[in-house]
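# Descriptive analysis of the structure
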Amino acid sequence: MDNLLRFLHARNMADNHAYAEIAYRFGGDALLDSHLPMLDLVDMLARDHEAMDSSDPRFTGLTYALRVLAQSYVEHPDYRAEWRP
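This model, assessed by the stated rule, comprises four aromatic pairs. Here the aromatic rings of Phe7 and Tyr79 are separated by 6.1 Å at their centres, their planes lie at 65°, and the arrangement is edge-to-face. With a gap of 72 residues between them, Phe7 in helix H1 (residues 2-26) and Tyr79 in the segment after helix H3 (59-70) connect regions that are remote in the sequence. For the pair Phe7 and Tyr79, one class covers both residues: buried. Considering the side-chain rings of Phe7 and Trp83, the 5.0 Å spacing of their centres and the 45° angle between planes classify their relative orientation as tilted. Of this pair, Phe7 sits in helix H1 while Trp83 sits in the segment after H3; the two residues are 76 residues apart in sequence, bridging distant segments of the chain.

Okay, helix H2 (residues 35-51) next. Here H2 spans 25 Å end to end across 17 residues, near enough to the 24 Å set by a 1.5 Å rise per residue. Listing the buried residues of H2 in full gives Leu39, Val42, Asp43, Ala46 and His49. The buried residues of H2 occupy an angular sector of 115° when the element is viewed end-on, so they sit on one face. Close packing links the buried residues of H2 with H1 and H3.

Pairing between side chains of opposite charge can happen when the charged atoms of each approach one another. Summed over all chains, the structure comprises three salt bridges. Taking the shortest distance from any N to any O, the salt bridge between Arg47 and Asp43 comes out at 2.6 Å. Of this pair, Arg47 and Asp43 are both found in helix H2, four residues apart, which corresponds to roughly one turn of the helix. The class for Arg47 is partly exposed, based on a relative accessible area of 43%. We classify Asp43 as buried; its relative accessible area is 17%.

Our next topic: the confidence of the model for the chain. Summary statistics for the chain give a mean pLDDT of 88 and a share of 92% for residues scoring 70 or more. Per-residue pLDDT, averaged within each element of the chain, yields its smallest value for H1 (86) and its largest for H3 (96).

With that out of the way, let us pick up the nonpolar core. Leu8 and Leu66 are the most contacted members of the largest nonpolar core, which has 15 residues in total. Elements with a minimum of two residues in this core: H1, H2 and H3. Beyond its immediate stretch of four places on either side in the chain, Leu8 contacts Val42, Leu66, Ala70 and Tyr73.

When you line up the elements, Tyr24 lands in helix H1. On a C-alpha basis, the gap between Tyr24 and Met38 in space is 20 Å, while along the polypeptide they are 14 residues apart.

Calculation rules
Residues numbered from 1 in each chain as written. Predicted model: local features only at pLDDT ≥ 70, side-chain atom pairs only at ≥ 80, totals over all residues. Heavy atoms only, no water. Phe/Tyr/Trp six-rings, centres within 6.5 Å; stacked < 30°, edge-to-face > 60°. Helix = DSSP H or I, 4+ residues; strand = E, 2+ residues; numbered from the N terminus. Buried < 20%, exposed > 50% of the residue type's maximum accessible area, 1.4 Å probe, protein only. Expected span 1.5 Å × (residues − 1). Arc of directions from axis to C-beta. Contact = heavy atoms within 4.5 Å. Salt bridge = Lys/Arg side-chain N within 4 Å of Asp/Glu carboxyl O. pLDDT = per-residue confidence, 0-100. Core = buried A, V, L, I, M, F, W, Y, C linked by side-chain atoms within 4.5 Å.

Encoded structure:
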């Protein structure tokens with residue numbers, strides 16, 4: 001799971017940098033308003049998972065949710081098949 005969390009952190013950082021470049025070149029109106037907050041929320045879930053004890057009853061559901069969210073990067077060369085839910 002640690003590898004999946006690192007993967008999600010890296011993808012979120014890359015997406016944030018890509019959107020910053022788009023905003024710099026084309027202005028803030030070129031960005032979808034809802035995508036950047038979504039990246040922050042996914043990163044927040046990953047951080048919560050890292051801090052959560054595995055005995056917490058929410059742990060299994062959060063693990064599943066992160067695996068589902070990671071599927072949006074299935075075409076990325078670093079994505080691993082074992083991360084599928």
